[in-house]
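Chain residues, written in single-letter form:
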Amino acid sequence: MTMDDYPFSQFVGVDVSKATLDFALTDENSVSIKNTEEQIVSKLIGAITDPSSTIVVMEATGGYEYRLVTSLHQHNIAVAVVNPRRVRDFAKGIGIDAKTDPIDATVISVYGQVVKPAAQVAKSEEDKKTQSVGRASPPVAGVDHSGTQSPATDGRSGNSGLHPAIAGEPAKTGRNDR
């Protein structure tokens, strides 16, 4: 696809945080809303007049964007989740050093217009399950995940299954220590 074939002409930049979303539509001031399903649908999606020519661009935030991405996909609105470092570098490149949520939303919108990021494909239910399984933290040896210590279960003697150096046991060097 060439830039001439880019299917979107309207860009919404969204600065995402845990509690709020600041969004800026192409050539408009930014608006701040709560990061709730109700506000996303009534305020942000409601402000999009032509969903087929609109892409909503946001930075990856480590999960706070999930509700917004899901809502947009459910309403068949294109989404691009972009690298925050690239947006920050872009802002510096165009001379914007100030960093507030409304300014960030506007910068993200302009970033979308200039860079024209690819739209993200909606994840299937199977993909979502696989992704959530992959994020699970591995169990830590010797820790009962209820928060209390448990004895080692790996058959080693020593302190709760910990590596000997951590457990305070003498190191085995393979040499005769004198």
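For the structure itself, consult the block above.
What comes next concerns the included structure. Quick caveat: nothing in here was measured; it's all calculated off a predicted structure.

1. Focus on the overall build of the protein
Thinking step 1. Check the secondary structure of the protein and you find six helices and seven strands.
Thinking step 2. Residue burial in the protein is summarised as follows: out of 178 residues, 31% are buried.
Thinking step 3. A separation of at least 24 residues holds for 52% of the contacts in the protein among residues at least 6 apart in sequence.
Thinking step 4. With the model as given, the accessible surface of the protein reaches about 11,500 Å², and the carbon-plus-sulfur share is 52%.

2. Thoughts on the nonpolar core
Thinking step 1. Residues Val14, Leu44, Val56, Met58, Leu68 and Leu72 are the most contacted members of the largest nonpolar core, which totals 18 residues.
Thinking step 2. Those elements that provide at least two residues to this core are β1 (10-16), β2 (20-25), α1 (37-47), β4 (54-59) and α2 (66-74).
Thinking step 3. Formed by 14 residues, the second largest nonpolar core is a distinct cluster that contains Phe8, Val82, Val87 and Ile108.

3. Digging into the packing of helix α3 (residues 84-93) against helix α4 (residues 101-115)
Thinking step 1. Viewed as axis vectors pointing N to C, α3 and α4 meet at an angle of 90°, and their least axial separation amounts to 10 Å. Considering their axes alone, α3 and α4 lie roughly perpendicular with respect to each other. Taking contact as the criterion, the partners of Arg86, Val87, Arg88, Phe90 and Ala91 in α3 are, on α4, Asp104, Val107, Ile108, Val110, Tyr111 and Val114.
Thinking step 2. Looking at the contact of α3 with α4 residue by residue, the classes come out as eight nonpolar, no polar and three charged.

4. Topic: the side chain of Asp104
Thinking step 1. Turning to its location among the elements, Asp104 is positioned in helix α4.
Thinking step 2. On the basis of relative accessibility, which here comes to 5%, the residue Asp104 falls in the buried class.
Thinking step 3. Apart from the residues within four sequence positions on either side, Asp104 is in contact with Asp15, Arg88 and Lys99.

5. Considerations on α1
Thinking step 1. Every buried residue of α1 is listed here: Gln39, Ile40, Leu44 and Ile45. Projected down its long axis, α1 carries its buried residues within an arc of 150°, all on one side. Of the exposed residues in α1, those oriented more than 90 degrees away from the buried face are Glu38 and Gly46.
Thinking step 2. Residues of α1 that are buried sit in contact with β1, β2, β3 (30-34) and α2.

6. Things to note about the sheet that holds β3
The strands that make up a sheet pair up through hydrogen bonds in the backbone, lying either parallel or antiparallel.
Thinking step 1. Strand order in the open sheet formed by five strands is β3-β2-β1-β4-β5, with mixed pairing between adjacent strands. Since the sheet does not close on itself, it has two edges, and those belong to β3 and β5 (78-82), each with one partner. For this sheet, the mean angle separating the axes of adjacent strands, direction not counted, is 25°.
Thinking step 2. Judged from the five bridges that link them, β1 and β4 form a sheet pairing that is parallel.

7. What about the packing of aromatic side chains?
Given two aromatic rings, one states the distance between the centres and the angle between the planes to describe the pair.
Thinking step 1. Counted under the stated rule, the structure contains three aromatic pairs.
Thinking step 2. Centroid distance Tyr6 to Phe8: 5.4 Å. Interplanar angle 75°. Geometry classified as edge-to-face.
Thinking step 3. Judged by relative accessible area, Tyr6 falls into the buried class, the value being 10%.

8. Describing the pattern of salt bridges
Thinking step 1. Applying the stated rule across the entire model yields three salt bridges.
Thinking step 2. Among the salt bridges present, the one from Asp89 reaches Arg85, with a minimum N-O distance of 3.3 Å. With Asp89 and Arg85 both in helix α3, this residue pair falls four residues apart, about one helical turn.
Thinking step 3. Relative accessible area serves as the criterion here: at 38%, Asp89 is assigned to the partly exposed category.

The rules we used
Residues numbered from 1 in each chain as written. Predicted model: local features only at pLDDT ≥ 70, side-chain atom pairs only at ≥ 80, totals over all residues. Heavy atoms only, no water. Helix = DSSP H or I, 4+ residues; strand = E, 2+ residues; numbered from the N terminus. Buried < 20%, exposed > 50% of the residue type's maximum accessible area, 1.4 Å probe, protein only. Contact = heavy atoms within 4.5 Å. Areas by Shrake-Rupley, 256 points an atom, 1.4 Å probe, with all protein chains shown as cover. Core = buried A, V, L, I, M, F, W, Y, C linked by side-chain atoms within 4.5 Å. Axes fitted to C-alpha atoms, helices over the stretch in contact; angles between N-to-C directions. Parallel < 35°, antiparallel > 145°, perpendicular 65-115°, else oblique. Nonpolar A, V, L, I, M, F, W, Y, C, P; charged D, E, K, R; others polar. Arc of directions from axis to C-beta. Pairing = 2+ DSSP bridges. Phe/Tyr/Trp six-rings, centres within 6.5 Å; stacked < 30°, edge-to-face > 60°. Salt bridge = Lys/Arg side-chain N within 4 Å of Asp/Glu carboxyl O.

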